[in-house]
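Listed here are the chains, written in short residue letters.
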Amino acid sequence: MPKQVDHDERRRQIGDAVCRLIAARGLDAVSLRHVAAEAGVSMGRVQHYFATKDEMLMFAFELISSRVAARFGALPVEDPAELLRAVLLELLPLSPAARAEAPVLAAFLAQAVVEPRLGEPLRQGNGEMVAWLAGMITAVRPGGDAERDAMALLAFVDGLMLQVLIGQVSPEMAVELVDHQLSRVLTCG
């Protein structure tokens, strides 16, 4: 009987290799040869699943996005204020999973500045996140401009992520800063 091949799993393995390369050496390190070596597969196998470098990059971004969304969905919090805090903290490189993914997300953010095609999924995801955050803010603090507050919180956390990555802000201070900003948003409306 022929061996069953899990094509989705093989794509994920290659996508994971792309993520590891980006985290270690940046987007420029992503090449057919480097990805194949990192994944421990032939270049032909990589080409079988991804026709271009852009396809590999977009798949890696989608892979990380789905993992972040899964972690959001698994947060054991129901109170809107606590859930809002937990989500903002999950966006920072504080947990092992987020620390592994944050350099990849930072690389995508930086590259999207000069390559607009990479910016589209970032813009789409940002819009969805702003809408969700605004809903949580409104659930805690009716009134005010929840959408603007959500945009400000998300921009704040994006910048804070970069500062934690480069060691400018400690993880402990990052948590304190999130709590400070969130307190201002939820009480000042």
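Residues numbered from 1 in each chain as written. Predicted model: local features only at pLDDT ≥ 70, side-chain atom pairs only at ≥ 80, totals over all residues. Heavy atoms only, no water.

Going by an unreviewed UniProt entry, the protein chain carries the name HTH-type transcriptional regulator PksA and comes from Lentzea pudingi.

Draft legend 1. Quick look at the nonpolar core. The biggest cluster of nonpolar side chains holds 58 residues, and the ones touching the most others in it are Val-18, Ile-22, Val-35, Leu-84, Leu-88, Leu-92 and Ile-137. Residue assignment places this core across two domains, with domain 1 (1-64) and domain 2 (75-189) each supplying three or more. Excluding its chain neighbours within four sequence positions, the residues that come into contact with Leu-92 are Ala-98, Val-157, Leu-160, Met-161, Ala-174 and Val-178. (Core = buried A, V, L, I, M, F, W, Y, C linked by side-chain atoms within 4.5 Å. Buried < 20%, exposed > 50% of the residue type's maximum accessible area, 1.4 Å probe, protein only. Domains from an automatic or database assignment. Contact = heavy atoms within 4.5 Å.)

Draft legend 2. How the structure looks around the UniProt feature "DNA-binding region" (unreviewed entry) in the protein chain. Under the present numbering, the feature "DNA-binding region" (unreviewed entry) in UniProt falls on residues 31-50. The span residues 31-50 carries 75% helix and 0% strand; its end-to-end C-alpha distance comes to 11 Å. (UniProt positions renumbered as here; feature names shortened; annotations may be inferred. Helix = DSSP H or I, 4+ residues; strand = E, 2+ residues; numbered from the N terminus.)

Draft legend 3. Structural context of the UniProt feature "domain: HTH tetR-type" (unreviewed entry) in the protein chain. In this numbering, the UniProt entry assigns the feature "domain: HTH tetR-type" (unreviewed entry) to residues 8-68. A helix fraction of 80% and a strand fraction of 0% characterise residues 8-68, whose end C-alpha atoms lie 19 Å from each other.

Draft legend 4. Inspection of the domain arrangement of the protein chain at higher detail. Segmentation of the protein chain into domains returns domain 1 (1-64) and domain 2 (75-189). Relative placement of domain 1 and domain 2: their C-alpha centres are 28 Å apart. Tallying the contact residues gives nine residues for domain 1 and 12 residues for domain 2. For the pairing of domain 1 and domain 2, the buried interface totals around 1,100 Å² over both sides, and the portion due to carbon and sulfur atoms is 82%. Of all residues in domain 1, Leu-27, Phe-61 and Ile-64 bury the most surface against domain 2, accounting for 52% of the area lost on that side. Summed over the shared surface of domain 1 and domain 2, the result is one salt bridge. (Buried area = accessible area lost by both parts, 1.4 Å probe. Salt bridge = Lys/Arg side-chain N within 4 Å of Asp/Glu carboxyl O.)

Draft legend 5. Molecular detail of the environment of Gly-127. Relative to the assigned elements, Gly-127 resides in helix 7 (residues 116-140). Separated by 42 residues in sequence, Gly-127 and Val-169 have C-alpha atoms that sit 27 Å apart.

Draft legend 6. Main features of the packing of helix 5 (residues 80-90) against helix 7. The geometry of helix 5 relative to helix 7 is characterised by a closest axis approach of 8 Å and an angle of 150° between their N-to-C directions. As judged from the angle between their axes, helix 5 and helix 7 are roughly antiparallel. Considering only the axes of helix 5 and helix 7, their crossing is left-handed. On the side of helix 5, the interface is formed by Pro-80, Ala-81, Leu-83, Leu-84, Val-87 and Leu-88, while helix 7 contributes Met-129, Trp-132, Leu-133, Met-136, Ile-137, Ala-139 and Val-140. (Axes fitted to C-alpha atoms, helices over the stretch in contact; angles between N-to-C directions. Parallel < 35°, antiparallel > 145°, perpendicular 65-115°, else oblique. Left-handed = near helix turned anticlockwise from the far one by under 90°.)

Draft legend 7. Spotlight on the pattern of salt bridges. Under the counting rule described, the total for this entry stands at 11 salt bridges. The salt bridge partner of Glu-120 is Arg-123, with a shortest N-O separation of 3.2 Å. Residue Glu-120 and its partner Arg-123 are both found in helix 7; the two are separated by three residues, about one turn of the helix. Each of Asp-54, Glu-115 and Arg-117 takes part in a single network of salt bridges with overlapping partners.

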